[in-house]
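# Structure assessment
Here is what each chain is made of, one letter per residue.
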Amino acid sequence: MSITIVKEVEDHVFKIFKEKATGNNVYHDSTHTQKVVEMVEVIGKAEGLNDEELEIVTIAAWFHDVGYFTNPENHEEESCKTAEEFLRKKNYPQEKIDKIKDCILATRMPHKPKNLMEEVLCDADLHHLGYKDFSDRNE
């Protein structure tokens, strides 16, 4: 996994949250995103993803909800646009960008992942359902 690009993505996503968060979106926030990234690593390693696959799904996890700021109803598509725009500027390979976008789109409800990377992101995105404070946070 390329730590450099993942760190650049993390910094970029935090900047988006800092600049665009209004406090109205109390669920899909930077804390949720960080938890999803953490769970992607745990689940991805447990499922045997290799370094390249972990990089792809980690980047997808960072970007997966940034589209809420511009289009809550179709936030996955907006998140894909934001990810692709940023990654192209970094000369990230288009083949990997396409896989990142597929992972993000797999988080649409109802989830329909088509491969293990997409499954890992979907599971990480729903990890909070098993937490004791889920009911309180859901309120």
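Note: the structure precedes this text.
Parameters and conventions
Residues numbered from 1 in each chain as written. Predicted model: local features only at pLDDT ≥ 70, side-chain atom pairs only at ≥ 80, totals over all residues. Heavy atoms only, no water. Axes fitted to C-alpha atoms, helices over the stretch in contact; angles between N-to-C directions. Helix = DSSP H or I, 4+ residues; strand = E, 2+ residues; numbered from the N terminus. Parallel < 35°, antiparallel > 145°, perpendicular 65-115°, else oblique. Left-handed = near helix turned anticlockwise from the far one by under 90°. Contact = heavy atoms within 4.5 Å. Salt bridge = Lys/Arg side-chain N within 4 Å of Asp/Glu carboxyl O. Buried < 20%, exposed > 50% of the residue type's maximum accessible area, 1.4 Å probe, protein only. Expected span 1.5 Å × (residues − 1). Nonpolar A, V, L, I, M, F, W, Y, C, P; charged D, E, K, R; others polar.

### Examining the packing of helix H5 (residues 94-105) against helix H6 (residues 116-125)
Their axes nearest at 8 Å, the elements H5 and H6 cross at an angle of 45 degrees. The pairing of H5 with H6 is recorded here as oblique in orientation. In this structure, H5 meets H6 at a crossing whose hand is right-handed. Of the residues in H6, those touching H5 at Lys99, Asp102, Cys103 and Ile104 are Met117, Glu118 and Leu121.

### A short note on the pattern of salt bridges
Tallied over the entire structure, the rule returns 10 salt bridges. Here glutamate 41 ties to lysine 45 by a salt bridge, and the two come within 3.0 Å at their closest N and O atoms. Placement of the pair is glutamate 41 and lysine 45 together in helix H2 (residues 30-46), with a separation of 4 residues, close to one helical turn. A salt bridge links lysine 99 to glutamate 95, with the nearest nitrogen and oxygen atoms 3.6 Å apart. You can see lysine 99 and its partner glutamate 95 sitting in helix H5, 4 residues apart, about one turn around the helix. By relative accessible area, which is 30% here, lysine 99 ends up partly exposed. Look at glutamate 95 and you get exposed, because its relative accessible area is 54%. Residues joined in a network through salt bridges with shared partners are Glu84, Arg88 and Lys101.

### Points about H2
In this model, H2 (17 residues) spans 24 Å end to end at C-alpha, consistent with the 24 Å of a helix rising 1.5 Å per residue. Downstream of H2 by one or two residues, glycine 48 has phi in the positive range, about 85 degrees.

### Focus on the environment of alanine 124
As for its position among the elements, alanine 124 is in helix H6. When neighbours within four sequence positions are excluded, alanine 124 is seen to be in contact with Val36, Met39, Val40 and Ile43.

### Focus on the packing of helix H1 (residues 3-20) against helix H4 (residues 75-89)
When two helices pack together, their arrangement is given by the angle between the helix axes and the distance between those axes. Direction vectors running N to C along H1 and H4 enclose 130 degrees, while the axes themselves pass 11 Å from each other. One element, H1, and the other, H4, form an angle in the oblique class. Considering only the axes of H1 and H4, their crossing is right-handed. Across from Ile5, Glu8, Val9, His12 and Ile16 in H1, the residues of H4 making contact are Thr82, Phe86 and Leu87. Grouping the amino acids of the contact of H1 with H4 by side-chain chemistry returns 5 nonpolar, 2 polar and 1 charged.

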